[in-house]
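Read off the chains here:
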Amino acid sequence: MSLVAYVNNRFLPLESATVHIEDRGFQFADGVYEVVACIGGCFLDLDLHLDRLQRSCSAIGIALPCSGDKLEALIRETWKRNPYTDAMVYIQITRGAAPRSHLPSESMHPTLIITSRELPKPGDEKLTQGASGITLRDFRWKRCDIKSIALLASVMGKQEAHRQDADEAFWLDEDDHVLEGCSTNIFAVIDGTLVTHPLDHQVLGGITRRMLIRIARDAGIEVAERPWKLAEATLSECMLTSTTNAVLPVCHMDGSPVASGAPGPVATQLRTLMLQAMDELRQS
Ligand code: PDD
């Protein structure tokens, strides 16, 4: 089945959708991106993703290549031109193409690409047994709040997780606080409270993270945004969040079970509530 991509003002068959070899995204990872879920034609928190894209662009001094309304229309059009009802739409903006020089010139036209692929669904085994993680000392840069396309550390982290037969690698700061995963945020249940690292330069402000916090508070679960460690005595559950996973229990870490080693009641309840919220969106 032929997929369609948007590249700099044109919709093209994916196979022939290309950018210049001197694009700064290719040569310097000088760009930012977003991944948005579309469920049954309804985009999940598209406004929040577009706000974050705007913040990422501003942080590195790239102007959006078009108005927010136009960008939204292009995102919807890319989704429409591809065959997936439940899709993950990828949007990437780089500073543009120019002869290679670290200092960018000011007259560049940003490159905009948009693709739409099938939204992956966690397999039954992941849902019944939970995901597994490893921990790694954080060796990423110090602006993880920017959704940068410079993802080499995340690629290396994922490779190491895969090598150890795990699903995700989670980054630890110098004091062993758990920050986030290579492409996910992470929460723990500690003494009955849902805990996650506060928003700062060491984590990405995940849109699903924000949704989970809202759903948990609405369900009467206490939430604390504070540094936390896996070794905390009353830790009873862990769970990860991302656009592509919604919320998923994490039941093994570094080869050992997290508490009982099975999906816990809080993660199970929150996943049900989040999927319900998504179903309502599908029907709206
Ligand atoms: N990753 N932290 C990191 C480092 C991420 O790359 C992501 C998303 C998240 C979760 O953010 P959100 O809930 O907004 O998806 C947290 C995307 C899905 C990716 O790179 O494919």
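Residues numbered from 1 in each chain as written. Predicted model: local features only at pLDDT ≥ 70, side-chain atom pairs only at ≥ 80, totals over all residues. Heavy atoms only, no water.

On to the pairing of strand β10 (residues 185-190), then. On a regular strand, one side chain projects to one face of the sheet and the next to the other, so that they alternate. For β10, the tally of buried residues reaches six of six residues, placing the bulk of the element in the interior. Where burial is concerned, the two faces of β10 agree: the one with N185, F187 and V189 and the one with I186, A188 and I190 are both buried. Two elements, β10 and strand β13 (residues 235-242), share six bridges in a ladder whose sense is antiparallel. When the sheet's bridge partners are listed, F187 is paired in β13 with M239. Of the pairings in the sheet, the one linking β10 to strand β11 (residues 193-196) comprises four bridges and is antiparallel in character. Paired with V189 across the strands is L194, a residue of β11. Hairpin geometry of β10 and β11 is characterised by an intervening segment of two residues between the two adjacent antiparallel strands and by a positive phi of about 55° at D191. (Buried < 20%, exposed > 50% of the residue type's maximum accessible area, 1.4 Å probe, protein only. Helix = DSSP H or I, 4+ residues; strand = E, 2+ residues; numbered from the N terminus. Pairing = 2+ DSSP bridges.)

Let's shift gears to the pairing of strand β14 (residues 246-253). Across the eight residues that make up β14, a large majority, seven, are buried. Sheet topology places strand β7 (residues 131-137) next to β14; three bridges connect them, and they run parallel. Bridge pairing links G133 to M253 in β14. Relative to β14, β13 runs antiparallel, the two sharing four bridges. Note on β14: the bridge partner recorded for M239 is P249. Linking β13 to β14, which pair antiparallel, is a turn of three residues. As paired strands, β14 and strand β15 (residues 256-257) are joined by two bridges and run antiparallel to one another. By the bridge assignment, M253 is partnered in β15 with S256. Counted between consecutive antiparallel strands, the loop separating β14 from β15 contains two residues, among which D254 sits at a positive phi close to 50°.

Moving on, we get to helix α6 (residues 207-218). A turn of α-helix holds 3.6 residues, and therefore any two residues three or four places apart point the same way. Helix length check: α6 (12 residues) gives 17 Å between terminal C-alpha atoms against 16 Å at 1.5 Å per residue, within 8%. Regarding α6, the residues found buried are I207, T208, R209, M211, L212, I213, I215 and A216. A positive backbone phi angle near 85° is found at G220, which sits one or two residues after α6. (Expected span 1.5 Å × (residues − 1).)

A few words now on the site of the ligand. Surveying the vicinity of the ligand reveals 16 residues, the closest of which are Y33, E180, I207, T208 and T243. Between the ligand and K147 there is a distance of 3.4 Å, counted from a nitrogen atom to a side-chain nitrogen or oxygen. Here an oxygen atom of the ligand and a side-chain polar atom of T208 are 2.5 Å apart. When the free accessible area of the ligand is taken as 480 Å², the share hidden by the protein chains comes to 88%. Within the residue set of the shell around the ligand, elements represented by two or more residues are β3 (31-39), β9 (178-181) and α6. Among the residues making up the shell around the ligand, the classes are represented as five nonpolar, eight polar and three charged. Here the shell around the ligand gathers at least three residues from each of two domains, domain 1 (4-118) and domain 2 (124-283). (Near = heavy atom within 4 Å. Polar contact = N/O pair within 3.5 Å; in protein donor to acceptor, adjacent residues only side chain to side chain. Areas by Shrake-Rupley, 256 points an atom, 1.4 Å probe, with all protein chains shown as cover. Nonpolar A, V, L, I, M, F, W, Y, C, P; charged D, E, K, R; others polar. Domains from an automatic or database assignment.)

The next subject is the domain arrangement of the protein chain. Each domain of the protein chain was delimited in the assignment, giving domain 1 (4-118) and domain 2 (124-283). Just the C-alpha atoms count here: the centres of domain 1 and domain 2 sit 26 Å apart. At the junction of the two partners, domain 1 supplies 27 residues and domain 2 supplies 18 residues. Between domain 1 and domain 2, the buried area comes to about 1900 Å², and carbon and sulfur atoms account for 70% of it. A per-residue breakdown of the area domain 1 buries against domain 2 is headed by Y33, I39 and R52, which together make up 32% of the total. Linking domain 1 with domain 2 are zero salt bridges. (Contact = heavy atoms within 4.5 Å. Buried area = accessible area lost by both parts, 1.4 Å probe. Salt bridge = Lys/Arg side-chain N within 4 Å of Asp/Glu carboxyl O.)

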